[in-house]
Amino acid sequence: MDQNAFLFTPQDVAALNEVAAFLALDDFGPKRSDGLPEHMAAGSVDCMILAGNCVLETAEGAFRAMKGDVGPKLLITGGVGHATEVLRRKVAMHAVYRAVVTDSRTEAHILADIAERFWSIDRSSILIEPESTNSGENALLSRRVLENADLPVRTILLIQDPTMQRRADATFRHVWSDRPDLKVLNWPTFTPRVRLAGEELQFDLNGIAGLWSMDRFLALVMGEIPRLRNDLHGYGPRGKGFITHVDIPEHIEAVFAQLKNSFASHFVRH
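Starting from 1, residues in each chain are numbered consecutively following that chain's sequence as written. With the structure being a predicted model, the display of local features is reserved for residues of pLDDT at least 70 and the display and counting of side-chain atom pairs for 80 or more, all residues being used for whole-chain, interface and lining totals. Hydrogen atoms and water are omitted, and side-chain values are computed over all heavy atoms in the structure.

Draft legend 1. Region of interest: the overall build of the protein chain. Numbering goes from the N terminus for both helices and strands, where a helix is a DSSP run of H or I of at least four residues and a strand is a run of E of at least two. Helix and strand counts for the protein chain come out as eight helices and seven strands. The size measure is the radius of gyration over C-alpha atoms, and the globule rule it meets is 2.2 Å times the number of residues to the 0.38 power. Relative to the 2.2 N^0.38 estimate, which gives 18 Å for 270 residues, the radius of gyration of the protein chain is 18 Å and therefore close to what a compact globule would have. C-alpha extents for the protein chain along the principal axes are approximately 50 × 45 × 35 Å. Exposed residues in this analysis have more than 50% of their type's maximum accessible area, buried residues have under 20%, and partly exposed residues fall in between, with area computed by a 1.4 Å probe over protein chains only. For the protein chain, with 270 residues in total, the buried portion stands at 53%. Put simply, of all contacts in the protein chain between residues at least 6 apart along the chain, 70% involve residues at least 24 apart. Element-wise, carbon and sulfur atoms account for 50% of the exposed surface of the protein chain, whose accessible area totals about 12,100 Å². A distance of 2 Å separates the average location of the 29 positive side-chain charges in the protein chain from that of its 35 negative side-chain charges. We call two residues in contact whenever any of their non-hydrogen atoms come within 4.5 Å of each other. Only the protein chains shown count as cover for residues, and all accessible areas are computed by the Shrake-Rupley method using a 1.4 Å probe. In this tally, Asp and Glu contribute negative charge and Lys and Arg positive charge; neither His nor the terminal groups of the chain are included. A charged residue contributes its charge at one atom only: NZ of Lys, CZ of Arg, CG of Asp or CD of Glu.

Draft legend 2. Here's a closer look at the UniProt feature "domain: DUF218" (unreviewed entry) in the protein chain. UniProt marks residues 78-189 with the feature "domain: DUF218" (unreviewed entry), using the numbering shown here. Overall, residues 78-189 shows 43% helix and 12% strand. The separation of its end C-alpha atoms is 18 Å. UniProt positions are given in the numbering used here, feature names are shortened, and annotations may be inferred rather than shown by experiment.

Draft legend 3. Structural detail: the packing of aromatic side chains. In this scheme Phe, Tyr and Trp rings, the latter by its six-membered ring, pair at centre separations within 6.5 Å, and the angle between planes marks the pair as stacked below 30 degrees, edge-to-face above 60, and tilted otherwise. Evaluated as defined, the whole model comprises eight aromatic pairs. Geometrically, the ring pair formed by Tyr97 and Phe118 is tilted, given 5.6 Å between the ring centres and 50° between the ring planes. Pair noted here: Tyr97 is in the loop between helix 3 (84-93) and helix 4 (107-119) and Phe118 is in helix 4, with a separation of 21 residues, a long-range link. Its relative accessible area of 29% is what places Phe118 among the partly exposed residues. Members of the aromatic cluster, joined through ring pairs, are Phe190, Phe203, Trp212 and Phe217. Lying over the aromatic face of Phe22, Arg166 brings its terminal NZ or CZ to 4.0 Å of the ring centre. Here, over-ring charges are defined by two tests on the NZ atom of lysine or the CZ atom of arginine: distance to the ring centre within 6 Å, and angle to the ring normal within 35 degrees.

Draft legend 4. Inspection of the sheet that holds strand 4 (residues 155-159) at higher detail. Only strands joined by at least two bridges in the DSSP assignment are considered to pair. Within the open sheet, the five strands sit side by side as 3-2-1-4-5. Their pairing is parallel. Sheet topology places strand 3 (126-129) and strand 5 (183-186) at the edges, where each strand pairs with a single neighbour. Here the average twist between neighbouring strands, direction ignored, is 25°. Relative to strand 5, strand 4 runs parallel, the two sharing four bridges. Opposite Ile156, over in strand 5, you have Val184 as the bridge partner. Angles run from 0 to 180 degrees between N-to-C directions of axes, and those axes are lines fitted to C-alpha atoms, restricted for helices to the stretch in contact. Most of the contacts of helix 2 (residues 56-67) go to strand 1 (residues 47-51), to which it runs at about 165°, and overall it touches strand 1, strand 2 (74-77) and strand 4. Across the sheet, helix 5 (residues 135-148) lies against strand 1, strand 2 and strand 3, angled at about 130° from strand 3, the strand it touches most.

Draft legend 5. Representation of the pairing of strand 1 within the structure. Counted residue by residue, strand 1 has five buried out of five residues, so it is predominantly covered. In strand 1, alternate side chains face the same way, and those of Cys47, Ile49 and Ala51 on one face and Met48 and Leu50 on the other are all buried. Summarising the sheet, strand 1 and strand 4 pair through four bridges and their orientation is parallel. Paired with Leu50 across the strands is Ile159, a residue of strand 4. Alignment of strand 1 against strand 2, held across four bridges, turns out to be parallel. Residue pairing across strands places Ile49 opposite Leu75, the latter belonging to strand 2. Following the backbone out of strand 1, through helix 2 and into the adjacent parallel strand 2, one traces a crossover that is right-handed. The handedness rule is simple: strands pointing away from the viewer, and a clockwise path from the first strand over the helix to the second, make the crossover right-handed.

Put into structure tokens, the structure is as follows:
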């Protein structure tokens with residue numbers, strides 16, 4: 001789908017930004033000068049979990065949190081999935097990270113190399129889960145890694161592609177549903193926004209590393225609300241049972257319906 005072949009209206013843009021902000025579940029507030037949120041304190045979590053994806057800003061946010069001593073361990077989860085090849089290309093083309101070998105390697109191994117070589121994060125503080133191929137396996141296999149490492153956790157900082165952060169939260173809560181004492185904090189590192197430049201849709205973001213193509217971003221956003229629903233076709237308990245119940249506010253359903261009516265036929269679901 002060529003987004004430039006479609007004429008977006010200001011109403012479409014406002015609706016898209018509302019849905020994207022809902023998906024980018026964020027338990028923190030504005031950032032400080034060091035790139036971390038104002039209310040993210042050192043030593044506040046037991047483990048950070050970075051779910052591998054193709055948006056480099058999320059990985060860099062996790063590395064900043066490690067440098068800020070937010071937690072003692074970083075678990076990077078991600079084998080080979082739908083975003084892996086995009087991540088490999090972005091790293092291979094990066095002005096600095098291109099020194100990292102990407103061919104035939106998993107997301108977790110690529111990102112761990114970047115953390116160690118370019119962010120000076122001690123490899124002993126990094127746990128790697130390189131087998132998962134989707135969000136459900138990210139959660140399930142991350143728990144297995146933590147338990148095998150005999151690492152007790154009561155607070156997790158979860159970092160994922162902003163378009164998938166709310167679903168990642170619901171997936172991790174589902175996998176840890178027998179642990180009501182576990183606290184999951186969400187930080188997608190940024191909230192996506194778009195704007196119109198003439199008739200062209202552009203990201204309204206500055207200094208964000210490794211963004212999606214616009215077509216991919218639109219497809220991801222349009223695919224998430226149906227997945228989050230707790231109905232026969234969704235991922236909730238009444239559907240596929242991959243995630244816990246997610247409350248989708250009426251106004252989000254309304255603006256999503258507006259988007260769907262306007263241009264859903266232009267999107268290919270990823």
